Amino acid sequence: MKVVDAIQKLEELRGCKVLSASNMQDVEQLYKEVLDKEFVKTSCRDCYNDAIIEMMLYIKKYEKMKEKCNYALKNGVLLQLKFGSDEFYTNANLTDEVARKYLTDHPDDANLFSKIPEDHYAPNPKTRMAEQVKPSEEIITEEKQ
Amino acid sequence: MALCDDLIKRDVVPSCSDPVIEGLEQEGVIMNRADVDFAATVFNTTRKNVVETLALKKGKKGFKVVVPGKTPFTGTATTMAAGTYRNTFTNTVSIVILANDPDVCQDVIDGLANGTYVLVLENKYKGMQRETTPGDAAFQIYGFYQGCTATAIENNKYSEDTVGGWMVTLEEAKSPKSAVFLFKTSYEATKALVGTLTSPAL
């Protein structure tokens, strides 16, 4: 689904005075599409309208839908790429790029993640090839002499 | 084995610029103690009563506990308990559940009666004016060492306080520390961290 379609659908739903059962189903599906998380029903009857507002605010703020992330953090974990940085990441804003960078810098912190894709630990064929082609320092020194 | 230095390390004076205030905020988090991933829990490297990461096990989440009113969680306190060789602390947390229906009784009250829990509550006093680490006094963990278990649960049909709901008292006895705080570099970051405790688990 494109972001334009999501906005259009959200505006339609926002215009409904009373949400029908099918509208509610649409909200649940959109919630997964836009925010990449499952919709949780609560006892509060406004939870569907709240979800619509939450999705609209997210799209308004980031001008896109949340990127699907292949990594997930355990609940109670917050990542900061630099110590004391105002920039921090939870599952709400985690991206593959951020997770990869963090795990590269802090390989011992893998236990903070609940989901790490299998290919994260697979050796990168390009890097491996580059390592094979790159001449060793000894060879370079010998050539200079 | 290192010796514990049971010494005070600073002046015992009130803060004039950031005076302590009583009370707790209305919203906290309760977790099954078995769901806490202690292996992934991170303490501050120098301040050993500050937890920086309170992770839950994969697929597990905590639950919000909201107590309305001007004095939520009334009865929550920490007291010293004298021991033969070492004194410890007893934490008491009081929760009012303004509901009484089959779901609440089955999913909450029956569980509270026999389970062991860890709670995170937010103090009204947050220490935001502190020169270093402002906001580090905001969130406090109860039940980290021994877990909180129920010592009293009551449903008084004519209670004016609980208006027919439930009053639950949880207690953690023999905690070796007077308090354990949850703090990750700033108040905002810690607030976000606490928010993740109750998010749907991925």
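The coordinates are above.
Residues numbered from 1 in each chain as written. Chains lettered and ligands numbered in written order. Predicted model: local features only at pLDDT ≥ 70, side-chain atom pairs only at ≥ 80, totals over all residues. Heavy atoms only, no water.

1. Looking at helix H1 (residues 102-114) of chain B
Residue and element names in this part refer to chain B.
Moving on, step 1. Over its 13 residues, H1 extends 18 Å from the first C-alpha to the last, a length consistent with the 18 Å expected when each residue adds 1.5 Å.
Moving on, step 2. Within the span of H1, buried status applies to Val-104, Cys-105, Ile-109 and Leu-112.
Moving on, step 3. Those residues of H1 that are buried are in contact with strand S1 (27-32), strand S6 (88-97), strand S7 (117-122), strand S9 (149-154) and strand S10 (166-175).
Moving on, step 4. At the N-terminal end of H1, a side-chain oxygen is found 3.0 Å from the backbone nitrogen of Asp-103, two or three residues along, and the residue is Asp-101. (Helix = DSSP H or I, 4+ residues; strand = E, 2+ residues; numbered from the N terminus. Expected span 1.5 Å × (residues − 1). Buried < 20%, exposed > 50% of the residue type's maximum accessible area, 1.4 Å probe, protein only. Contact = heavy atoms within 4.5 Å. Polar contact = N/O pair within 3.5 Å; in protein donor to acceptor, adjacent residues only side chain to side chain.)

2. Overview of unusual backbone geometry
Residue and element names in this part refer to chain B.
Moving on, step 1. Its identity is not glycine, yet Val-163 carries a phi of approximately 40 degrees, on the positive side.
Moving on, step 2. Among the secondary structure elements, Val-163 is positioned in the loop between S9 and S10.
Moving on, step 3. Classification of Val-163 by relative accessible area gives exposed; the value is 62%.
Moving on, step 4. With a phi close to 65 degrees, Thr-185 is a non-glycine residue in the positive phi region.
Moving on, step 5. Within the secondary structure, Thr-185 sits in the loop between strand S11 (180-182) and helix H2 (187-197).

3. Some points on the sheet that holds S7 of chain B
Residues and elements named next belong to chain B.
Moving on, step 1. Strand order in the open sheet formed by seven strands is S2-S3-S11-S8-S7-S1-S4, with mixed pairing between adjacent strands. Each end of this open sheet is capped by a strand with a single partner; those strands are strand S2 (42-43) and strand S4 (63-66).
Moving on, step 2. As paired strands, strand S3 (residues 50-53) and S11 are joined by two bridges and run parallel to one another. Bridge assignment links Val-51 to a residue of S11, and that residue is Leu-182. (Pairing = 2+ DSSP bridges.)

4. As for the interface of chain A and chain B
Moving on, step 1. Contact residues are listed per partner, giving 17 residues for chain A and 22 residues for chain B.
Moving on, step 2. In terms of surface lost to chain B, no three residues of chain A exceed Asn-75, Gly-76 and Leu-78 of chain A, which account for 37% of the buried area on that side.
Moving on, step 3. Our enumeration of links across chain A and chain B arrives at one salt bridge.
Moving on, step 4. Note that Asp-37 of chain B and Lys-74 of chain A form a salt bridge whose closest N and O atoms lie 2.4 Å from each other.
Moving on, step 5. Counting the contacts that link chain A with chain B gives eight residue pairs in polar contact (both at pLDDT 80 or more).
Moving on, step 6. The residue makeup of the side of chain A that touches chain B, split by class, is seven nonpolar, eight polar and two charged. (Buried area = accessible area lost by both parts, 1.4 Å probe. Salt bridge = Lys/Arg side-chain N within 4 Å of Asp/Glu carboxyl O. Nonpolar A, V, L, I, M, F, W, Y, C, P; charged D, E, K, R; others polar.)

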